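For reference, the chains in residue letters:
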Amino acid sequence: MAVTPKIAPSMLSSDFANLASEAHRMINYGADWLHMDIMDGHFVPNLTMGAPIIESLRKHTKAYLDCHLMVTNPLDYVESLGKAGASGFTFHVEASKDNWKELIQNIKSQGMKPGVAINPGTSVEEVYPLVESENPVEMVLVMTVEPGFGGQKFMPDMMEKVRILRKKYPSLDIEVDGGLGPSTIDAAASAGANCIVAGSSVFGAPEPAQVISLLRNSVEKAQ
Ligand SMILES: O=C(CO)[C@@H](O)[C@H](O)COP(=O)(O)O
(Lines give C-alpha, C1' and ligand atoms only; values in the text may rest on other atoms or scores of the structure.)
Protein backbone atom coordinates (compact mmCIF):
# COMPACT_ATOMS: atom_id res chain seq x y z
CA MET A 1 0.00 0.00 0.00
CA ALA A 2 1.38 3.43 -0.93
CA VAL A 3 -0.15 5.26 2.02
CA THR A 4 1.90 6.33 5.05
CA PRO A 5 0.78 6.64 8.67
CA LYS A 6 -0.12 10.14 9.81
CA ILE A 7 -0.76 10.53 13.51
CA ALA A 8 -2.72 13.70 14.20
CA PRO A 9 -3.40 14.71 17.80
CA SER A 10 -6.68 16.61 18.00
CA MET A 11 -5.88 20.04 19.43
CA LEU A 12 -9.47 20.20 20.69
CA SER A 13 -8.15 18.30 23.71
CA SER A 14 -5.24 20.72 24.24
CA ASP A 15 -5.00 23.71 26.55
CA PHE A 16 -6.21 26.43 24.16
CA ALA A 17 -4.60 29.10 26.33
CA ASN A 18 -1.22 27.59 25.48
CA LEU A 19 -1.88 26.43 21.93
CA ALA A 20 1.60 27.07 20.52
CA SER A 21 3.40 25.21 23.28
CA GLU A 22 0.84 22.38 23.10
CA ALA A 23 1.51 22.14 19.36
CA HIS A 24 5.30 22.01 19.90
CA ARG A 25 4.82 19.39 22.59
CA MET A 26 2.85 17.13 20.22
CA ILE A 27 5.34 17.50 17.37
CA ASN A 28 8.20 16.74 19.76
CA TYR A 29 6.32 13.66 20.92
CA GLY A 30 6.29 12.39 17.32
CA ALA A 31 3.02 13.67 15.83
CA ASP A 32 2.93 14.05 12.03
CA TRP A 33 0.00 16.44 11.79
CA LEU A 34 -1.96 18.69 14.14
CA HIS A 35 -5.70 18.17 13.78
CA MET A 36 -7.66 21.43 14.09
CA ASP A 37 -11.41 21.12 14.71
CA ILE A 38 -13.26 24.11 13.30
CA MET A 39 -16.88 24.11 14.52
CA ASP A 40 -19.45 26.80 13.84
CA GLY A 41 -22.06 26.10 16.54
CA HIS A 42 -24.58 25.35 13.75
CA PHE A 43 -23.47 22.25 11.82
CA VAL A 44 -22.52 20.89 15.24
CA PRO A 45 -23.58 22.10 18.70
CA ASN A 46 -20.15 23.41 19.65
CA LEU A 47 -18.09 26.47 18.74
CA THR A 48 -14.32 26.27 18.60
CA MET A 49 -11.95 28.21 16.36
CA GLY A 50 -11.55 29.81 12.95
CA ALA A 51 -8.97 31.46 10.71
CA PRO A 52 -7.63 33.91 13.37
CA ILE A 53 -6.50 31.02 15.60
CA ILE A 54 -4.97 29.14 12.65
CA GLU A 55 -3.12 32.30 11.62
CA SER A 56 -1.81 32.81 15.16
CA LEU A 57 -0.67 29.21 15.46
CA ARG A 58 0.96 29.27 12.03
CA LYS A 59 3.35 31.97 13.31
CA HIS A 60 4.70 29.43 15.81
CA THR A 61 4.92 26.22 13.80
CA LYS A 62 5.60 24.85 10.33
CA ALA A 63 3.60 21.69 11.14
CA TYR A 64 0.88 20.38 8.83
CA LEU A 65 -2.40 21.84 10.10
CA ASP A 66 -5.12 19.31 9.28
CA CYS A 67 -8.29 21.41 9.45
CA HIS A 68 -11.62 19.62 9.83
CA LEU A 69 -14.50 21.94 9.00
CA MET A 70 -17.64 21.06 10.95
CA VAL A 71 -19.51 24.00 9.48
CA THR A 72 -22.69 24.55 7.48
CA ASN A 73 -21.10 26.70 4.75
CA PRO A 74 -17.54 25.44 4.16
CA LEU A 75 -17.07 27.60 1.05
CA ASP A 76 -17.14 30.71 3.26
CA TYR A 77 -14.00 29.52 5.06
CA VAL A 78 -11.72 28.53 2.18
CA GLU A 79 -10.03 31.82 1.38
CA SER A 80 -9.50 32.92 4.98
CA LEU A 81 -8.13 29.55 6.04
CA GLY A 82 -5.85 29.36 3.02
CA LYS A 83 -4.45 32.78 3.81
CA ALA A 84 -4.15 31.88 7.50
CA GLY A 85 -1.84 28.96 6.65
CA ALA A 86 -4.06 25.88 6.89
CA SER A 87 -2.52 22.81 5.20
CA GLY A 88 -5.51 20.51 4.77
CA PHE A 89 -9.17 21.53 4.41
CA THR A 90 -11.65 18.72 5.06
CA PHE A 91 -15.32 19.63 4.58
CA HIS A 92 -18.38 17.50 5.26
CA VAL A 93 -20.21 15.79 2.41
CA GLU A 94 -23.45 16.61 4.26
CA ALA A 95 -22.65 20.33 3.96
CA SER A 96 -21.52 20.40 0.34
CA LYS A 97 -24.16 18.63 -1.73
CA ASP A 98 -24.49 21.49 -4.25
CA ASN A 99 -21.01 22.95 -4.39
CA TRP A 100 -18.36 20.27 -3.77
CA LYS A 101 -16.73 20.81 -7.19
CA GLU A 102 -16.31 24.52 -6.55
CA LEU A 103 -15.09 23.78 -3.04
CA ILE A 104 -12.38 21.35 -4.18
CA GLN A 105 -11.26 23.77 -6.87
CA ASN A 106 -11.03 26.68 -4.42
CA ILE A 107 -9.27 24.63 -1.74
CA LYS A 108 -6.60 23.59 -4.24
CA SER A 109 -6.27 27.16 -5.52
CA GLN A 110 -5.43 28.20 -1.97
CA GLY A 111 -2.69 25.56 -1.85
CA MET A 112 -4.51 23.29 0.61
CA LYS A 113 -5.17 19.55 0.41
CA PRO A 114 -8.90 18.86 0.01
CA GLY A 115 -10.61 16.16 2.04
CA VAL A 116 -14.20 15.08 2.58
CA ALA A 117 -15.68 13.88 5.89
CA ILE A 118 -18.72 11.66 6.45
CA ASN A 119 -20.88 11.52 9.53
CA PRO A 120 -21.76 8.16 11.12
CA GLY A 121 -25.27 8.27 9.65
CA THR A 122 -24.14 9.00 6.09
CA SER A 123 -23.57 6.16 3.69
CA VAL A 124 -20.11 5.71 2.25
CA GLU A 125 -21.37 5.80 -1.36
CA GLU A 126 -21.90 9.54 -0.99
CA VAL A 127 -18.17 10.23 -1.20
CA TYR A 128 -17.49 8.15 -4.33
CA PRO A 129 -18.20 10.98 -6.81
CA LEU A 130 -15.81 13.27 -4.92
CA VAL A 131 -13.01 10.69 -4.94
CA GLU A 132 -13.59 9.72 -8.56
CA SER A 133 -14.02 13.25 -9.90
CA GLU A 134 -11.54 14.66 -12.46
CA ASN A 135 -10.52 17.06 -9.71
CA PRO A 136 -10.78 14.78 -6.68
CA VAL A 137 -10.51 15.07 -2.92
CA GLU A 138 -7.25 13.61 -1.60
CA MET A 139 -8.51 12.26 1.71
CA VAL A 140 -11.71 10.80 3.15
CA LEU A 141 -12.36 11.29 6.85
CA VAL A 142 -14.66 8.65 8.34
CA MET A 143 -16.17 9.97 11.56
CA THR A 144 -16.15 7.31 14.27
CA VAL A 145 -18.24 9.43 16.67
CA GLU A 146 -20.96 12.02 16.10
CA PRO A 147 -19.00 15.22 15.41
CA GLY A 148 -18.94 18.03 17.96
CA PHE A 149 -17.07 16.88 21.04
CA GLY A 150 -13.96 15.04 22.11
CA GLY A 151 -13.94 12.14 24.54
CA GLN A 152 -16.73 10.07 22.98
CA LYS A 153 -16.87 6.31 22.45
CA PHE A 154 -15.47 4.85 19.20
CA MET A 155 -18.15 3.39 16.89
CA PRO A 156 -16.76 0.07 15.59
CA ASP A 157 -19.55 -0.23 12.99
CA MET A 158 -17.86 2.56 11.02
CA MET A 159 -14.97 0.21 10.17
CA GLU A 160 -17.04 -1.31 7.38
CA LYS A 161 -16.89 2.08 5.61
CA VAL A 162 -13.11 2.14 6.01
CA ARG A 163 -12.78 -1.41 4.63
CA ILE A 164 -14.92 -0.56 1.60
CA LEU A 165 -12.94 2.62 0.89
CA ARG A 166 -9.55 0.93 1.28
CA LYS A 167 -10.56 -1.86 -1.09
CA LYS A 168 -11.82 0.60 -3.71
CA TYR A 169 -9.03 3.17 -3.34
CA PRO A 170 -5.74 1.48 -2.31
CA SER A 171 -3.65 4.68 -2.34
CA LEU A 172 -6.17 7.12 -0.82
CA ASP A 173 -5.52 8.75 2.55
CA ILE A 174 -8.27 7.49 4.87
CA GLU A 175 -8.59 9.27 8.19
CA VAL A 176 -10.57 8.18 11.24
CA ASP A 177 -11.61 10.54 14.00
CA GLY A 178 -13.29 9.95 17.34
CA GLY A 179 -12.51 7.60 20.21
CA LEU A 180 -9.18 6.43 18.78
CA GLY A 181 -6.59 5.20 21.24
CA PRO A 182 -4.68 2.08 22.32
CA SER A 183 -7.84 -0.02 22.68
CA THR A 184 -9.40 0.89 19.30
CA ILE A 185 -6.48 1.53 16.96
CA ASP A 186 -6.07 -2.09 15.81
CA ALA A 187 -9.65 -2.18 14.52
CA ALA A 188 -9.10 1.03 12.54
CA ALA A 189 -5.65 0.09 11.26
CA SER A 190 -6.67 -3.39 10.14
CA ALA A 191 -9.68 -1.94 8.32
CA GLY A 192 -7.26 0.25 6.35
CA ALA A 193 -7.16 3.67 8.02
CA ASN A 194 -3.77 5.40 7.79
CA CYS A 195 -4.49 8.89 9.18
CA ILE A 196 -5.36 8.70 12.85
CA VAL A 197 -6.87 11.56 14.83
CA ALA A 198 -6.64 11.12 18.59
CA GLY A 199 -7.52 13.71 21.20
CA SER A 200 -8.23 12.54 24.72
CA SER A 201 -6.16 9.34 24.45
CA VAL A 202 -3.04 11.38 23.62
CA PHE A 203 -3.52 14.51 25.72
CA GLY A 204 -4.83 12.51 28.68
CA ALA A 205 -1.97 10.03 28.70
CA PRO A 206 0.88 10.24 31.24
CA GLU A 207 3.26 9.55 28.31
CA PRO A 208 1.69 10.97 25.12
CA ALA A 209 4.77 9.99 23.06
CA GLN A 210 4.14 6.33 23.88
CA VAL A 211 0.54 6.56 22.69
CA ILE A 212 1.59 8.28 19.44
CA SER A 213 4.19 5.60 18.85
CA LEU A 214 1.69 2.80 19.59
CA LEU A 215 -0.81 4.30 17.11
CA ARG A 216 1.88 4.52 14.43
CA ASN A 217 3.11 0.96 15.04
CA SER A 218 -0.41 -0.40 14.71
CA VAL A 219 -0.92 1.33 11.33
CA GLU A 220 2.51 0.16 10.09
CA LYS A 221 1.89 -3.41 11.21
CA ALA A 222 -1.45 -3.56 9.41
CA GLN A 223 0.03 -2.57 6.03
O1 LIG B 1 -13.83 16.05 15.45
C2 LIG B 1 -13.78 15.63 16.58
C3 LIG B 1 -15.00 15.68 17.41
O4 LIG B 1 -16.02 16.22 16.64
C5 LIG B 1 -12.55 15.04 17.08
O6 LIG B 1 -11.40 15.50 16.41
C7 LIG B 1 -12.33 14.89 18.53
O8 LIG B 1 -11.67 15.99 19.06
C9 LIG B 1 -11.54 13.66 18.80
O10 LIG B 1 -11.37 13.52 20.16
P11 LIG B 1 -11.23 12.11 20.88
O12 LIG B 1 -12.48 11.33 20.54
O13 LIG B 1 -10.03 11.47 20.31
O14 LIG B 1 -11.12 12.47 22.31
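As recorded in an unreviewed UniProt entry, the chain goes by the name Ribulose-phosphate 3-epimerase, listed as coming from Pisum sativum. Regarding the chain, the relevant UniProt record gives this comment under Catalytic activity (unreviewed entry): "D-ribulose 5-phosphate = D-xylulose 5-phosphate". Under Sequence similarities (unreviewed entry), UniProt gives the following word-for-word description of the chain: "Belongs to the ribulose-phosphate 3-epimerase family."

Visitor: Would you mind showing me how to read the site of the ligand here?
Guide: In the vicinity of the ligand there are 22 residues, among which Ser10, Leu12, Gly150, Gly199 and Ser200 approach most closely. Elements supplying a minimum of two residues to the shell around the ligand: strand E2 (33–39), strand E8 (195–198) and helix H8 (200–203).

Visitor: Would you take a moment to explain the pairing of E8 for this structure?
Guide: In summary, the side chains of a regular strand alternate between the two faces of the sheet. Burial along E8 is two-sided: the residues Cys195 and Val197 and Ile196 and Ala198 are all buried. In this sheet, E8 lies alongside strand E7 (residues 173–177) in parallel orientation, the contact comprising three bridges. Note that in E8 the partner of valine 176 across the bridge is isoleucine 196. For the segment spanning E7, helix H7 (residues 185–191) and E8, crossover handedness is right-handed.

Visitor: Quick question: what am I supposed to make of the pairing of strand E4 (residues 88–92) here?
Guide: Within E4, five of the five residues are buried, leaving the element largely enclosed by the surrounding structure. Of the two faces of E4, the one holding Gly88, Thr90 and His92 and the one holding Phe89 and Phe91 are both buried throughout. In terms of strand pairing, strand E3 (residues 64–70) meets E4 through three bridges, oriented parallel. Each residue of the ladder has a partner; that of histidine 68, found in E4, is threonine 90. With respect to chirality, the unit in which E3 leads through helix H3 (residues 78–84) into the neighbouring parallel E4 is right-handed. When E4 meets strand E5 (residues 113–118), the two strands line up parallel, connected through five bridges. Its bridge partner being in E5, histidine 92 is matched across the sheet by alanine 117. On the question of chirality, the crossover connecting E4 to the parallel E5 by way of helix H4 (residues 100–109) is right-handed.

Visitor: How do you make sense of the UniProt feature "active site" (unreviewed entry) in the chain when you look at a structure like this?
Guide: Following the UniProt record, one finds the feature "active site" (unreviewed entry) at Asp37 and Asp177. The named residues occupy 141 residues along the chain; their greatest pairwise C-alpha distance, 10.6 Å, places them in one compact cluster. By the element assignment, aspartate 37 lies in strand E2. When sequence neighbours within four positions are dropped, the list of residues in contact with aspartate 37 reads Ser10, Leu12, Thr48, His68 and Met70. With respect to the secondary-structure elements, aspartate 177 resides in strand E7. Discounting residues that sit within four places of it in the chain, aspartate 177 has contacts with His68, Leu141, Met143, Thr144 and Val197.

Criteria and cut-off values
- Residues numbered from 1 in each chain as written.
- Predicted model: local features only at pLDDT ≥ 70, side-chain atom pairs only at ≥ 80, totals over all residues.
- UniProt positions renumbered as here; feature names shortened; annotations may be inferred.
- Near = placed C-beta within 6 Å.
- Helix = DSSP H or I, 4+ residues; strand = E, 2+ residues; numbered from the N terminus.
- Buried ≥ 20, exposed ≤ 12 C-beta atoms within 10 Å, placed from the backbone.
- Pairing = 2+ DSSP bridges.
- Right-handed = clockwise from strand over helix to strand, strands pointing away.
- Contact = placed C-beta atoms within 7 Å.

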